[in-house]
Amino acid sequence: MAITSYPFDSQSVTETQFSQLFREFADSGVAASALANAFQVSADGTAMSVKVQPGFAIVRGHAVLSTAVETLKIAAAGTSTRYDRVILRLDPAVNSITLAVLQGAAGGSAPALTQTDTGIYELPLATVTVGANITAITSAAVSGDRRFVGQSVGAWVTSTRPASPRLGKLGLNYDTNTWEFWNGTAWTPLVASVSWSSLTGKPATFPPSSHAHQWSDITNAPTSLPPAAHKHPWGDITGTPSTYPPATHSHSWSAISDKPSTFPPSSHSHGSYLESGDTIAWSNGTKRAHSSSVSGSGTYYAVWVNGSGQFCRNTSSRRYKQNVRDISISSEAVLSLRPRLYDRRPDEGGGDYARDEFGLIAEEVAETLPEIVTYDEEGRIDALRYDLLGVALLPVVQDQDRRIKALEAKIEELACAS
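Note that this is a predicted model, so its numbers are computed, not measured.

K.L.:
Mind showing me how you'd approach the side chain of Asp376 here?
P.N.:
For Asp376, the location among the structural elements is in the loop between β20 (373-375) and β21 (381-384). Classification of Asp376 as buried rests on a relative accessible area of 17%. Here Glu378 takes part through its backbone nitrogen, which lies 3.0 Å from a polar atom of the side chain of Asp376.

Below, the structure written as structure tokens:
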């Protein structure tokens, strides 16, 4: 018989016939809102696996229901990126629809889907990017491929439009947020997009009709309205001041008349110690007679200047010293020092310089009495500690004192013997 009709009472209807019937009622896809999480695929985040949410779907006229989150393992990564697909697979031969992972080829694109009319039919849910040598699937690696049914019209994103639509198939593309239909060769917006530039016959300007606005309705209104340029006779102004104090201004020194020729300093004081760069002046008492009596904060100190140009006082108390021990100084070393007469070299500015100074030459002193020689930052001989020269002379004087006393004793002894 060329014509077959079904289903009717007392009639045997096959699985293929029911599948053919129900696929006319709904395309293959997830039976939920396009924004719901039914059969949504997400990354596990810590392992090579993905999770699939529960849901209900129609696959070529057959129904599948999942009531719990399912975990699908993703094969280990290789040295090149590959693309795997998470799918719902209808297999009429075993009467089942199951979740599965289609593994892609290394370095290739996502594997093709098997979608036969009477055999295996695979419905895509997501594409998983498996990067080279990764050990876990991240959320960024999972992109959704779900298709949806359950409405009188379809809903999809651009990548999940119906594979074999019929002329006039209508649906909401929520990628572009537009309604579109299949015109037999392409998906076409239900309402053509119109731009202002494509409109013809539009006016160049739109003069407003006569109208009024409440002041309270005006936005960005100024808080005050400065008056336009105008004048007032002086006699009309009330409350004028009797005098006008000058505004802030300045005068050049040369423009000031009757200024004093000198300015005595106001009361002030100086610190107890000189600092680097200070000038020693009569006014701070540095030229007071050595015999002047001083006490307390006025105690006199010998002053040194360190390598940084800072002043510091010379102290001799035992409380400032440690590891005190005797030193042996050769009388010959001290007595071999040669006082010399010399001229001082001029300074860097080429100014005057001292002539006929007398003193010691540090290089010569270093040969016999290096203890009183000082050196600069580069290790060169630089100066003498003349304040230590007297200390170095003490052993010489003490030695001579012992010799004199010994000679006097010897002379006295000889005088007594005679």
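K.L.:
Sorry, what's going on with the side chain of Ser19 here?
P.N.:
Structurally, Ser19 can be placed in helix α1 (residues 15-25). For Ser19, a relative accessible area of 3% translates into the label buried. At 2.5 Å, the side chain of Ser19 forms a polar contact with the backbone oxygen of Arg60. Beyond its immediate stretch of four places on either side in the chain, Ser19 contacts Arg60, Gly61 and His62.

K.L.:
Could you clarify how one ought to interpret the packing of aromatic side chains in this entry?
P.N.:
The geometry of an aromatic ring pair is captured by two quantities: the separation of the ring centres and the angle between the planes. Under the criterion given, the structure shown has five aromatic pairs. Residues Trp182 and Trp187 carry aromatic rings whose centres are separated by 5.4 Å and whose planes lie at 65° to one another, so their mutual orientation is edge-to-face. With respect to burial, Trp182 and Trp187 carry one shared label: buried. Arranged with centres 6.3 Å apart and planes meeting at 50°, the rings of Trp253 and Phe263 form a pair that is tilted. Remark: Phe263 occurs in the loop between β15 (187-189) and β16 (302-305) and Trp253 occurs in the loop between β15 and β16; sequence separation between them is ten residues. Like Phe263, Trp253 is exposed. Each member of the aromatic cluster is reached from another via a ring pair, and the members are Trp156, Trp182 and Trp187.

K.L.:
In this structure, what is going on with helix α4 (residues 386-417)? I would like to understand it.
P.N.:
Between the first and last C-alpha of α4 there are 47 Å, a value that for 32 residues agrees with the 46 Å anticipated at 1.5 Å per step. The complete set of buried residues in α4 reads Leu389, Ala392, Pro395, Val396 and Asp399. Residues of α4 that are buried sit in contact with α2 (331-335).

K.L.:
How should I be thinking about the sheet that holds strand β9 (residues 121-130) in this particular structure?
P.N.:
The strands that make up a sheet are held in pairs by hydrogen bonds between backbone atoms, and each pair lies either parallel or antiparallel. Spatial strand order, β8-β7-β9-β10: four strands in an open sheet with antiparallel pairing. Strands at the two margins of the open sheet, each flanked by one partner only, are β8 (96-102) and β10 (142-144). On average, adjacent strands in this sheet sit at an angle of 20° to one another, irrespective of strand direction.

K.L.:
Explanation requested: a nonpolar patch on the surface in the structure shown.
P.N.:
On the surface, Val194, Trp196, Leu199 and Phe206 cluster together into a nonpolar patch covering about 460 Å² of accessible area. Position of Leu199 relative to the elements: it lies in the loop between β15 and β16.

K.L.:
Explanation requested: unusual backbone geometry in the structure shown.
P.N.:
The phi torsion of most residues other than glycine is negative, and most of the peptide bonds are trans. You will see that Asn177, though not glycine, has its phi angle at about 55°, which is positive. In this structure, Asn177 sits in the loop between β13 (170-173) and β14 (178-182). Classification of Asn177 as exposed rests on a relative accessible area of 64%. In this structure, Asp258 is a non-glycine residue whose phi angle is positive, near 60°. Along the chain, the position of Asp258 falls in the loop between β15 and β16. The exposure class assigned to Asp258 is exposed, which follows from its relative accessible area of 80%.

K.L.:
When you look at the pattern of salt bridges in this model, what are you seeing that I'm missing?
P.N.:
When their charged atoms lie close together, side chains carrying opposite charge are able to pair. Taken as a whole and assessed by the stated rule, the structure comprises twelve salt bridges. Of the charged contacts, one joins Arg161 and Glu180 as a salt bridge, the two residues approaching to 2.8 Å between their closest N and O atoms. With Arg161 in the loop between β12 (154-156) and β13 and Glu180 in strand β14, this residue pair connects regions lying 19 residues apart in the sequence. The salt bridge partner of Glu364 is Arg340, with a shortest N-O separation of 2.3 Å. A residue pair is termed long-range when its members are at least 10 positions apart, and Glu364 in helix α3 (residues 362-368) and Arg340 in strand β18 (residues 340-342) qualify at 24 residues. Given a relative accessible area of 26%, Glu364 falls into the partly exposed group.

K.L.:
What is the right way to look at the pairing of β8 in this model?
P.N.:
Both faces of the sheet carry side chains from a regular strand, because those side chains alternate between them. Two elements, strand β7 (residues 82-91) and β8, share seven bridges in a ladder whose sense is antiparallel. Residue pairing in the sheet places Leu90 in a bridge with Ile97 of β8. Where β7 folds back onto β8 in an antiparallel hairpin, the turn is made up of four residues, including Asn95, whose phi is positive at roughly 55°.

Calculation notes
Residues numbered from 1 in each chain as written. Predicted model: local features only at pLDDT ≥ 70, side-chain atom pairs only at ≥ 80, totals over all residues. Heavy atoms only, no water. Helix = DSSP H or I, 4+ residues; strand = E, 2+ residues; numbered from the N terminus. Buried < 20%, exposed > 50% of the residue type's maximum accessible area, 1.4 Å probe, protein only. Polar contact = N/O pair within 3.5 Å; in protein donor to acceptor, adjacent residues only side chain to side chain. Contact = heavy atoms within 4.5 Å. Phe/Tyr/Trp six-rings, centres within 6.5 Å; stacked < 30°, edge-to-face > 60°. Expected span 1.5 Å × (residues − 1). Pairing = 2+ DSSP bridges. Axes fitted to C-alpha atoms, helices over the stretch in contact; angles between N-to-C directions. Patch = residues over 30% accessible without salt bridge, like charges linked within 9 Å, V, L, I, M, F, W, Y side chains within 5 Å. Areas by Shrake-Rupley, 256 points an atom, 1.4 Å probe, with all protein chains shown as cover. Salt bridge = Lys/Arg side-chain N within 4 Å of Asp/Glu carboxyl O.

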